[in-house]
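Now for the letters of each chain:
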Amino acid sequence: MSGLPRGQSPTPLRRFGLPRFAGVRPEVPARPVLSVSGVVRRPIQIDLAELLALPGRREQVGDLHCVTTWSATGLRWGGVPFRAVHEALAARVRPHPRCGWVTFTGLDGYRSCLALADALAEDVLLADTLDGVPLTGDQGAPARLVAPAHYGYKSVRHVCAVEYRLNYDPGSAGPLGHRRGRVKREERSVLLPGWIWRRVWRGLLPRVRRRYDGNVSDRGSAGV
Ligand SMILES: Nc1nc2c(c(=O)[nH]1)N[C@H]1C(S)=C(S)[C@@H](COP(=O)(O)O)O[C@H]1N2
Ligand SMILES: [Mo]
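Values in this document were obtained by computation on a predicted structure and should not be read as measured data.

Enquirer: Please clarify how the pattern of salt bridges should be interpreted in this entry.
Expert: Here the idea is simple: oppositely charged side chains can pair when their charged atoms come close. In this structure the tally under the stated criterion is 15 salt bridges. For Arg76, the salt bridge goes to Glu59, with nearest N and O atoms at 2.7 Å. Of this pair, Arg76 sits in strand β5 (residues 70-81) while Glu59 sits in strand β4 (residues 58-65), placing them 17 residues apart in sequence. Arg76 sits in the partly exposed class, given a relative accessible area of 31%. What makes Glu59 partly exposed here is its relative accessible area of 42%. Of the charged contacts in the structure, one is a salt bridge between Asp169 and Arg111, with a shortest N-O distance of 2.8 Å. Of this pair, Asp169 sits in the loop between β11 (159-165) and α4 (194-213) while Arg111 sits in strand β7 (residues 111-115), and the two are 58 residues apart along the sequence. Each of Arg6, Glu186, Arg188 and Arg198 takes part in salt bridges that share partners, so that together they form one network.

Below, the structure written as structure tokens:
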């Protein structure tokens, strides 16, 4: 027994995601900015560095579980709890009181939505280091979300925008993405139980891997 959640196998961390983003390797701006929009009184753009300097910075060790059945374990992420980031942002943008969802966008255009309550959980980080060193491009520089209780598709790399929402947004995963994506409940996807999806995704994993592994060189620019 590996001690991993049901259906998961251990693997080292390497760049992975939806097939259509495999070739999109965004350039990290010299001065990264976060756009904050949605159901807010006042949308803003704010230097990411300002948010990453907020009090509460910490390191935490955890696992990343992908729906396609691989898990990278013992990852030592460093960053600022998203809750602290949200508090700093909310004071300025003033989200609608019934805002219940938040969409994160990466520099590659990838989007994923979390219930605001899930994003504000104690263990959700806006992370900018792994094992004590700044994230590489492949790891999600300049900063990525880390939401350990949720499948990897909620942990958006290269975060450049936060959109506060009244409703769930299917994001890049589309209609098959699960709103909550909780690992404990095996919420891999919708319509069918997790144990069936486990088999479907496991079957697709080698093909997606090949798409990503064919794109390992750090070209440093978007598109292909
Ligand atoms: N910007 C961006 N973030 C993303 C993805 C992506 O394609 N683009 N893929 C997601 C998926 S499906 C997973 S499993 C994790 C994988 O994280 P890794 O690339 O660090 O292994 O990133 C998530 N975050
Ligand atoms: Mo994933």
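Now, onward.
Enquirer: Just to check I follow, could you spell out the nonpolar core for this structure?
Expert: Burial of nonpolar side chains together is a common tendency in soluble globular proteins. With 54 residues, the main nonpolar core has Leu34, Leu89, Phe104 and Tyr164 as its most contacted residues. Aside from chain neighbours lying at most four places away, what touches Leu89 is Leu34, Val36, Ile44, Ile46, Leu51, Arg94 and Tyr164.

Enquirer: Quick question: what am I supposed to make of the UniProt feature "domain: Oxidoreductase molybdopterin-binding" (unreviewed entry) in the chain here?
Expert: In the numbering used here, UniProt assigns the "domain: Oxidoreductase molybdopterin-binding" (unreviewed entry) feature to residues 33-165. When the span residues 33-165 is considered, its composition is 16% helix and 44% strand, and the gap between its end C-alpha atoms is 20 Å.

Enquirer: Help me understand unusual backbone geometry, please; the structure alone is not making it clear to me.
Expert: Phi is mostly negative for residues that are not glycine, and the peptide bonds are mostly trans. For the bond running from Ala141 to Pro142, omega is 5°, close enough to zero to count as cis. The topology assignment puts Pro142 in the loop between β9 (133-134) and β10 (144-146). For Arg94, which is not glycine, the phi torsion reads 55° and is therefore positive. Relative to the helices and strands, Arg94 resides in the loop between α2 (82-93) and β6 (101-106).

Enquirer: Help me understand the sheet that holds β6, please; the structure alone is not making it clear to me.
Expert: Remark on secondary structure: sheet strands pair via backbone hydrogen bonds, oriented parallel or antiparallel. With mixed pairing, the five strands of this open sheet are ordered in space as β3-β2-β11-β6-β7. With partners counted over all chains shown, the strands left at the sheet margins are β3 (44-47) and β7, one partner each. Ignoring which end each strand starts from, the neighbouring axes of this sheet average 20° apart. Sheet analysis places strand β2 (residues 33-38) next to β11, joined by four bridges and oriented parallel. Looking at the pairing, Ser37 lines up with Glu163 of β11. Against the sheet, α2 touches β2, β3, β6 and β11, its axis set at about 135° to β3.

Enquirer: Can you walk me through the confidence of the model for the chain in this structure?
Expert: In low-pLDDT regions, the fine details of the predicted coordinates are not to be read closely. Mean pLDDT over the chain: 94, with 95% of residues reaching 70 or higher. Throughout residues 217-224 the model reports pLDDT below 50, and contacts reaching past four residues in sequence, or to other chains, amount to 18 contacts.

Enquirer: What is the right way to look at the pairing of β4 in this model?
Expert: Here is the key point about a regular strand: its side chains alternate between the two faces of the sheet. Relative to β5, β4 runs antiparallel, the two sharing seven bridges. Within the sheet, the bridge partner assigned to Val61 lies in β5 and is Arg76.

Enquirer: How should the state of the cysteines be read in this particular structure?
Expert: In a disulfide, the sulfur atoms of two cysteines are held together by a covalent bond. One pass over the full model with this rule turns up zero disulfides. For Cys99, which is in no disulfide, the shortest distance to another cysteine sulfur is to Cys113 and amounts to 9.2 Å. The class for Cys99 is buried, based on a relative accessible area of 10%. A disulfide-free cysteine, Cys160 has its sulfur positioned 15 Å from the sulfur of Cys113, the nearest such atom.

About the criteria used
Residues numbered from 1 in each chain as written. Chains lettered and ligands numbered in written order. Predicted model: local features only at pLDDT ≥ 70, side-chain atom pairs only at ≥ 80, totals over all residues. Heavy atoms only, no water. Salt bridge = Lys/Arg side-chain N within 4 Å of Asp/Glu carboxyl O. Helix = DSSP H or I, 4+ residues; strand = E, 2+ residues; numbered from the N terminus. Buried < 20%, exposed > 50% of the residue type's maximum accessible area, 1.4 Å probe, protein only. Core = buried A, V, L, I, M, F, W, Y, C linked by side-chain atoms within 4.5 Å. Contact = heavy atoms within 4.5 Å. UniProt positions renumbered as here; feature names shortened; annotations may be inferred. Pairing = 2+ DSSP bridges. Axes fitted to C-alpha atoms, helices over the stretch in contact; angles between N-to-C directions. pLDDT = per-residue confidence, 0-100. Disulfide = S-S within 2.5 Å.

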